[in-house]
Amino acid sequence: QVQLVESGGGLVQAGGSLRLSCAASGRTVSSYVMGWFRQAPGKEREFVAVINWHGAYYADVVKGRFTISRDNDKNTVNLQMTSLKPEDTAVYYCAARYGSFASRPADFAAWGQGTQVTVSS
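Calculation rules
Residues numbered from 1 in each chain as written. Predicted model: local features only at pLDDT ≥ 70, side-chain atom pairs only at ≥ 80, totals over all residues. Heavy atoms only, no water. Helix = DSSP H or I, 4+ residues; strand = E, 2+ residues; numbered from the N terminus. Rg over C-alpha atoms; globule rule 2.2 N^0.38 Å. Buried < 20%, exposed > 50% of the residue type's maximum accessible area, 1.4 Å probe, protein only. Contact = heavy atoms within 4.5 Å. Areas by Shrake-Rupley, 256 points an atom, 1.4 Å probe, with all protein chains shown as cover. Disulfide = S-S within 2.5 Å. Pairing = 2+ DSSP bridges. Axes fitted to C-alpha atoms, helices over the stretch in contact; angles between N-to-C directions. Core = buried A, V, L, I, M, F, W, Y, C linked by side-chain atoms within 4.5 Å.

1. Quick look at the overall build of the protein chain
Okay, so step 1: Counting its regular elements, the protein chain contains 0 helices and 11 strands.
Okay, so step 2: A compact globule built from 121 residues should have a C-alpha radius of gyration of about 14 Å, and the protein chain, at 13 Å, falls within 12% of that.
Okay, so step 3: Counting every position in the protein chain, which comprises 121 residues, the buried fraction comes to 44%.
Okay, so step 4: Nonlocal contacts in the protein chain, meaning residues at least 24 apart in sequence, comprise 60% of its contacts between residues at least 6 apart.
Okay, so step 5: Here the protein chain has roughly 6100 Å² of accessible surface; of this, 48% comes from carbon and sulfur atoms.

2. Focus: the state of the cysteines
Okay, so step 1: Inspection of the entire model under this criterion finds 1 disulfide.
Okay, so step 2: A sulfur-sulfur distance of 2.1 Å marks the disulfide that ties Cys22 to Cys94. Judged by the torsion about the S-S bond (-75 degrees), the Cys22/Cys94 disulfide is left-handed. Of the two residues, Cys22 sits in strand β3 (residues 18-25) while Cys94 sits in strand β9 (residues 90-97), which places them 72 residues apart along the sequence. Like Cys94, Cys22 is buried.

3. A word on the sheet that holds strand β8 (residues 76-81)
Okay, so step 1: Strand order across the open sheet formed by 4 strands is β1-β3-β8-β7, with antiparallel pairing between neighbours. Since the sheet does not close on itself, it has two edges, and those belong to β1 (3-7) and β7 (66-71), each with one partner. Across this sheet, the average inter-strand angle for adjacent strands is 15 degrees, counted without regard to direction.
Okay, so step 2: Taken together, the 6 bridges between β7 and β8 define a ladder with antiparallel strand orientation.

4. Some remarks on the pairing of strand β4 (residues 33-39)
Okay, so step 1: The buried fraction of β4 is high, at 6 of 7 residues.
Okay, so step 2: As paired elements, β4 and strand β5 (residues 46-52) share 5 bridges and run antiparallel to each other. Directly across from Met34, in β5, lies its bridge partner Ile51.
Okay, so step 3: What sits between β4 and β5 in their antiparallel hairpin is a turn of 6 residues, with Gly42 showing a positive phi close to 80 degrees.

5. Considering the nonpolar core
Okay, so step 1: Membership of the largest hydrophobic core comes to 37 residues, with the highest contact counts inside it found for Leu4, Met34, Trp36, Leu79, Met81 and Tyr92.
Okay, so step 2: Counting only elements with at least two residues in this core, the list comes to β3, β4, β5, β7, β8, β9 and β11 (115-120).

6. Quick notes on the environment of Gly99
Okay, so step 1: Along the chain, Gly99 falls in the loop between β9 and β10 (110-111).
Okay, so step 2: Through-space distance from the C-alpha of Gly99 to that of Val61 is 25 Å; in sequence the pair is 38 residues apart.
Okay, so step 3: Ignoring anything within four residues of it in the chain, the contact list for Gly99 reads Val33 and Trp53.

7. Thoughts on the environment of Asn52
Okay, so step 1: As for its placement among the helices and strands, Asn52 is situated in strand β5.
Okay, so step 2: Spatially, the C-alpha atom of Asn52 lies 7.9 Å from that of Ser30, the residues being 22 residues apart in sequence.
Okay, so step 3: Beyond its immediate chain neighbours, meaning those up to four positions away, Asn52 contacts Val33, Tyr57, Arg70 and Phe101.

Pasting the structure below:
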C-alpha cells in the first residue's frame, strides 16, 4: 500500500498561486492513478484533478487554472494552482488508486492527511 504526504498549503491572496506536492512512499506513483481532491467546511469532498497514463483531467471549476503533474524521479505528484479564488479555500487531499481512471473519492483507496489552502479576498 502506498503512503501519501501532502505539503505546500498556506494562505494566499486572491489571484495568487500555490504549489502543492504529494510525496509517495511504498510504491511508485507511476503505478497508480493519482488524484487531488478538496473539502471545504460543511461540504462534501470533491474532485479536483487526476493523472494517469493517458493524461490529466480536471474539474471544470479549476480547468485552465490548475495543473497536475507527476515526477517519477522524486515519486511525487504536484498540483500547481494559479489565479486562486476565495472559493478554492479547502483542505486539499492527495489520493491514489490502482486501476483505471476514476474521479469519485470512494474509488480511491489511499489518502494523505490533507493540507489547508486558504485564499483571502
